[in-house]
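So the chains spell out like this:
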Amino acid sequence: AQKITQTQPGMFVQEKEAVTLDCTYDTSDPSYGLFWYKQPSSGEMIFLIYQGSYDQQNATEGRYSLNFQKARKSANLVISASQLGDSAMYFCAMRVLNSGNTPLVFGKGTRLSVIA
Amino acid sequence: DAMVIQNPRYQVTQFGKPVTLSCSQTLNHNVMYWYQQKSSQAPKLLFHYYDKDFNNEADTPDNFQSRRPNTSFCFLDIRSPGLGDAAMYLCATSRVSGGMETQYFGPGTRLLVL
């Protein structure tokens, strides 16, 4: 079974600073994908970034980057130059790729608050 | 250019009164999902449709049903809502084509049960 662990229930960051949100995962499958989603107070889950288990390079999308350390089974999200609009709940999720359509497994989330 | 649309955004129902939540998508994705998310928790998968094939999670209560009349639409029916069913209900879609695919979520429907 797959498991995602997010150990930080809440984080604070100063506007314009960088912040790292932790995520560790557990799976015995060699082929999997890791995802980060942002959920503002409005409720919509917004896809941010994806990292495949066989990707050689860390994924980046604008101000978001994923610090993928396969041996440690960690997939931390780094947000650079934080903005007030980054205040939201952030979920790390994973899905294994095998036969059939396996579900997306979510962590419990980290609430990020950006302060001016 | 909304891609996954959920209606209504807020739904109030009475204890025991059936309610239907709807989801539509313009992405032509072959998989549609329904999640339940309670306050301060991660989304919990209820079921999903892979094309027309319905897949129920083992712990999804019988009170929850779903219909997918065509590729674009999917409905969540709660036959007899209880107070514990008050939650955010999220619809998501993805295109499964052999590789890893990303799920795209709608804005959610917040259900209140009185």
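Just so we're clear, the structure is a prediction, and the values are computed from it rather than from any experiment.

### A look at the overall build of chain B
- Looking only at helices and strands, chain B features zero helices and eleven strands.
- Counting helices and strands in the order they occur from the N terminus, chain B gives β-β-β-β-β-β-β-β-β-β-β.
- On C-alpha atoms alone, chain B measures out to a radius of gyration of 13 Å, which is about the 13 Å that the 2.2 N^0.38 rule sets for 114 residues.
- Looking at chain B as a whole, 50% of its 114 residues are labelled buried.
- The contacts in chain B between residues at least 6 apart in sequence include a share of 56% that link residues at least 24 apart.

### Brief notes about the interface of chain B and chain A
- The interface of chain B with chain A comprises 25 residues on the first partner and 22 residues on the second.
- Here chain B and chain A share an interface that buries about 1,800 Å² over both sides, 59% of which is from carbon and sulfur atoms.
- At the junction of chain B with chain A, the criterion picks out one salt bridge.
- In this structure, glutamate 101 of chain B engages arginine 95 of chain A in a salt bridge whose closest nitrogen and oxygen atoms are separated by 2.7 Å.
- Across the contact surface, chain B and chain A share three residue pairs in polar contact (both at pLDDT 80 or more).
- Elements represented by at least two residues in the side of chain B that touches chain A include exactly strand S4 (31-37), strand S5 (44-50), strand S9 (87-94) and strand S10 (104-105) of chain B.
- Considering every element that reaches the side of chain B that touches chain A, the biggest residue donor is S4 of chain B, with four residues.
- Classifying every residue of the side of chain B that touches chain A by side-chain character gives 14 nonpolar, eight polar and three charged.

### Digging into the pattern of salt bridges
All names here are of chain A.
- If you walk through the whole model with that rule in mind, you get five salt bridges over all chains.
- A salt bridge links aspartate 86 to arginine 63; the shortest N-O distance between them is 2.8 Å. Taken as a pair, aspartate 86 in the loop between strand S9 (74-79) and strand S10 (88-96) and arginine 63 in the loop between strand S7 (60-61) and strand S8 (64-69) lie far apart in primary sequence, 23 residues in all.
- Under the relative-accessibility criterion, aspartate 86 is labelled buried at 2%.
- Among the residues examined, arginine 63 registers a relative accessible area of 23% and is labelled partly exposed.

Definitions and cut-offs
- Residues numbered from 1 in each chain as written.
- Chains lettered and ligands numbered in written order.
- Predicted model: local features only at pLDDT ≥ 70, side-chain atom pairs only at ≥ 80, totals over all residues.
- Heavy atoms only, no water.
- Helix = DSSP H or I, 4+ residues; strand = E, 2+ residues; numbered from the N terminus.
- Rg over C-alpha atoms; globule rule 2.2 N^0.38 Å.
- Buried < 20%, exposed > 50% of the residue type's maximum accessible area, 1.4 Å probe, protein only.
- Contact = heavy atoms within 4.5 Å.
- Buried area = accessible area lost by both parts, 1.4 Å probe.
- Salt bridge = Lys/Arg side-chain N within 4 Å of Asp/Glu carboxyl O.
- Polar contact = N/O pair within 3.5 Å; in protein donor to acceptor, adjacent residues only side chain to side chain.
- Nonpolar A, V, L, I, M, F, W, Y, C, P; charged D, E, K, R; others polar.

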